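Results of the structural survey
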Amino acid sequence: MAKSIMIMGTMSSAGKSFVTAGLCRIFYQDGYKTAPFKSQNMALNSYITENHLEMGRAQVMQAESACITPDIRMNPILLKPTSEKGSQIILNGEVFGNMNAKEYYQKKQEFIPYIKNAYESLAKDYDVIVLEGAGSPAEINLKEVDIVNMGMAKISNSPVILVGDIDRGGVFASLYGTVALLDEQEKRLIKGFIINKFRGDVEILKSGLTMLEDLTGIPVLGVLPYTNLDLDDEDSLSERLLKHEIKQDSLLDIAIIQFPRISNFTDFQALERIESISVRYVSKLQELQNPDMIILAGTKNTISDLLWLRQNGLEAGILKAHEKGCVIFGICGGFQMLGQKISDTENIENNTNKTVRGLQLLEIETIFQTQKRRTQIQGRICADIENLSEIKLNGYEIHMGETHGNEKPFIILETGETDGYYKHHVFGTYLHGIFDNQEFTENFLNYLIQKKNNSEKILISDFQNYKQMQYDKLADLLRKNLNMQKIYEILETGNL
């Protein structure tokens, strides 16, 4: 069985996923077959594995960091919020059903056997498991049925490292307070602290670190500086969604509509890495301005977000931009919005609006169905556009609607099916990860530049090499600033 270590945080976005990925990389570099594990994820960023199962993107990123193939056992439960109080439950990669928060709370204990089976199966195949918690382990109203923080640490018998975010302030109080709210057995599981996102001279912190150690009896394992490494984000708290400014001298301006239930915004990280273009997120009409391309992203609630688009004036802004020749590009839920109408007669989205008018930019219609389509796909561009036709693509589909229409198909899949449609400068596809295809992205951006009668060209560096460099930089950062000898001691001795 694998040795294990667990990373928890004092709050959401403290840096748990970041530290987990870094340790996965370090253990891999040091010769250990390593896997990440998170019993329960709550996020709208998801991924489809090779065997057509759905899991959270954070564990996909951590698996990439460990140089292994993403496996559904790494994330047996994924909660995809459908409203302020309800979520779709993904269990072992498949839809289990929809529950409100109270229902799920009452049934959480029933999921423990699935979690244990996934973890124990994974532990048989690896040398090291790096577990990640969720939110805070000190949610005292939820501790009784906890399956993701201290509850999971007990199931896996894992020592715990607690991460605090100093950038938000109050890090000493949050670390001390978290420990104070744990019971004695749980306190014994905490083997070290990590302070994350520090700006400034670490010498100024040292007296506080010593006092924290004296108060808790728990060592501080290091202080990580604030850094801007480019890694996949887990959820809508991502700082990348705060990008609203147009960069000076950029060749292209791309505006991504930030829906209230935006999903899989990791689709656009490849674009954000390109220095010569502006990629920004827009949620208000006045932010839209005059972009060269508007992207309608994926969403967990297509109809609700379409109505939001209509009510806040962004629909009118998009249609006006389209009339001026702006390229409109829809992915998944955003693709569905481009059509004449969307029908939800099966009440898939729990919406009172059963049929809603779309943006009517394409002659297509979407009907929601109870069966979710989950698959990795390969195909090629069939659009008759110079320098785009026949380009090969890889990606994945994850949606609960079928779309049909009279427009020209955009992509031909290896199966012989088609995906998406296009007309003039409007494009729609179900293919998540389309911009991760380097040849397509480079040629498509140059198509946009050509539309502006600009003779300049964009050249893109290799995306996969770039990602691997980020993981190596993360590992270097952790090795430089953490007491890795002590972390290895914690890993080896466990809860002794």
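The paragraphs below set out a description of the structure included in this document. All figures in this text were calculated on a predicted structure; none of them were measured in a lab. (Residues numbered from 1 in each chain as written. Predicted model: local features only at pLDDT ≥ 70, side-chain atom pairs only at ≥ 80, totals over all residues. Heavy atoms only, no water.)

1. Examining the sheet that holds strand β6 (residues 77-81)
Our working definition: Each pair of strands is called paired provided DSSP finds at least two bridges between the two strands. The way it works is that DSSP assigns letters per residue, a run of H or I at least four long becomes a helix, a run of E at least two long becomes a strand, and they are numbered from the N terminus. Note on geometry: axes are C-alpha line fits, over the in-contact stretch for helices, and angles between N-to-C directions span 0 to 180 degrees.
If you walk across this open sheet you meet the four strands as β3-β6-β7-β8, and the pairing is mixed. Of all the strands in the sheet, the pair left with one neighbour each is β3 (40-42) and β8 (94-100). Ignoring strand direction, the axes of neighbouring strands in this sheet form an average angle of 25°.

2. Points about the nonpolar core
Convention followed: For our purposes a nonpolar core is just a set of buried Ala, Val, Leu, Ile, Met, Phe, Trp, Tyr and Cys residues, chained together by side-chain atoms within 4.5 Å. Using a 1.4 Å probe on the protein chains alone, a residue whose accessible area is under 20% of its type maximum counts as buried, one over 50% counts as exposed, and one in between counts as partly exposed. Here, residues are in contact when the closest pair of their heavy atoms is within 4.5 Å.
Phe27 and Ile129 are the most contacted members of the largest nonpolar core, which totals 85 residues. If sequence neighbours within four positions are ignored, Ile129 has contacts with Ala2, Lys3, Ser4, Ile5, Ala35, Phe37, Tyr119, Leu122 and Ala123. Membership of the second largest hydrophobic core comes to 76 residues, among which are Phe268, Leu338, Ile364 and Leu431.

3. Some words on helix α6 (residues 171-180)
Filter applied, for reference: By construction, the arc corresponds to the directions joining the helix axis to the C-beta atoms.
Those residues of α6 that fall on the buried side of the exposure criterion are Val171, Ser174, Leu175, Thr178 and Val179. What you see down the axis of α6 is that its buried residues fit within an arc of 125°, all on one side. Tucked inside the fold, the buried residues of α6 contact β10 (160-165), α7 (184-189), β11 (190-198) and α8 (206-216).

4. Details of the pattern of salt bridges
The cut-off we apply is this: Within this document, salt bridges are pairs made up of a side-chain nitrogen of Lys or Arg and a carboxyl oxygen of Asp or Glu, the two lying within 4 Å of each other.
Under the criterion given, the structure shown has 27 salt bridges. Note that Asp30 and Arg479 form a salt bridge whose closest N and O atoms lie 2.7 Å from each other. Of this pair, Asp30 sits in the loop between α1 (16-29) and β2 (34-37) while Arg479 sits in helix α15 (residues 463-481); the two residues are 449 residues apart in sequence, bridging distant segments of the chain. A residue is classified by how much of its surface remains accessible, and Asp30, at 34% relative accessible area, is partly exposed. Across the pair Lys467 and Glu64 runs a salt bridge whose closest N-O atoms are separated by 3.1 Å. Taken together, the residues span a long stretch of sequence, with Lys467 in helix α15 and Glu64 in helix α2 (residues 57-65) at a distance of 403 residues. Of the residues examined, Lys467 reaches a relative accessible area of 13% and is grouped as buried. Residues joined in a network through salt bridges with shared partners are Glu54, Lys80 and Lys372.

5. Observations concerning the packing of α6 against α8
The condition that has to hold: To sort the angles, those under 35 degrees are grouped as roughly parallel, those over 145 as roughly antiparallel, those from 65 to 115 as roughly perpendicular, and the leftovers as oblique. The crossing is said to be left-handed when, going from far helix to near helix, the turn is anticlockwise and less than a right angle, and right-handed when the turn is clockwise. In this classification, Asp, Glu, Lys and Arg are treated as charged, Ala, Val, Leu, Ile, Met, Phe, Trp, Tyr, Cys and Pro as nonpolar, and every other residue, Gly included, as polar.
For the pair α6 and α8, the least separation of the axes is 11 Å and the interaxial angle reads 15°. By the criterion of interaxial angle, the relationship of α6 to α8 is roughly parallel. By crossing handedness, the relation of α6 to α8 is classed as right-handed. Between α6 and α8, the contacting residues are Phe172, Leu175 and Tyr176 on the first element and Gly208, Leu209, Leu212, Leu215 and Thr216 on the second. A per-class count over the contact of α6 with α8 returns six nonpolar, two polar and no charged.

6. What to know about the pairing of strand β13 (residues 252-257)
When you tally the buried positions in β13, you get six out of six residues, the bulk of the element. Side-chain alternation along β13 places Leu252, Ile254 and Ile256 on one buried face and Asp253, Ala255 and Ile257 on a second face that is also buried. Where β13 lies against strand β15 (residues 277-282), six bridges are found, and the strand directions are parallel. Residue pairing across strands places Ala255 opposite Arg280, the latter belonging to β15. One ladder, built from four bridges, connects β13 with strand β16 (residues 293-296); its direction is parallel. By the bridge assignment for β16, Ile256 is matched with Ile295.

7. A look at the packing of α1 against α15
The geometry of α1 relative to α15 is characterised by a closest axis approach of 8 Å and an angle of 95° between their N-to-C directions. Between α1 and α15, the crossing angle belongs to the class labelled roughly perpendicular. In contact with Phe18, Val19, Ala21, Gly22, Leu23, Arg25, Ile26 and Gln29 of α1, α15 contributes Gln468, Tyr471, Asp472, Leu474, Ala475, Leu477, Leu478 and Arg479. Of the residues assigned to the contact of α1 with α15, the class counts are 10 nonpolar, three polar and three charged.

8. Re the side chain of Gln470
Mapped onto the elements, Gln470 comes out in helix α15. Using a relative accessible area of 5% as the deciding quantity, one classes Gln470 as buried. In this structure Gln470 touches Leu229, Asp230 and Leu231, once residues within four positions along its chain are discounted.

9. A look at the packing of aromatic side chains
Let me state the cut-off plainly: Stacked, tilted and edge-to-face are the three classes applied to pairs of Phe, Tyr and Trp rings, where Trp contributes its six-membered ring and a pair requires centres within 6.5 Å; stacked means planes under 30 degrees apart, edge-to-face means over 60, and tilted covers the rest. Only lysine NZ and arginine CZ atoms are considered, and such an atom sits over a ring when it is within 6 Å of the ring centre and within 35 degrees of the ring normal.
As enumerated under the stated definition, the model contains 21 aromatic pairs in all. Taking 6.0 Å as the distance between ring centres and 10° as the angle between the ring planes, the aromatic pair formed by Tyr422 and Phe427 counts as stacked. The same class applies to Tyr422 and to Phe427, which are both buried. An aromatic cluster of at least three residues, connected via ring pairs, comprises Phe329, Phe410, Tyr422, Phe427, Phe435, Phe440, Phe444 and Tyr447. Seen from the ring of Tyr126, Lys33 lies directly overhead, with NZ or CZ sitting 5.0 Å from the centre. Taking the ring centre of Tyr226 as reference, the NZ or CZ of Arg199 above it sits at 3.7 Å.

10. Quick word on the environment of Ser304
Within the element layout of this structure, Ser304 appears in helix α11 (residues 302-311). Its relative accessible area of 30% is what places Ser304 among the partly exposed residues. Sequence separation between Ser304 and Ile161 is 143 residues, and the spatial gap between their C-alpha atoms is 40 Å. Ignoring sequence-local partners within four residues, the contact set of Ser304 consists of Glu349 and Asn351.

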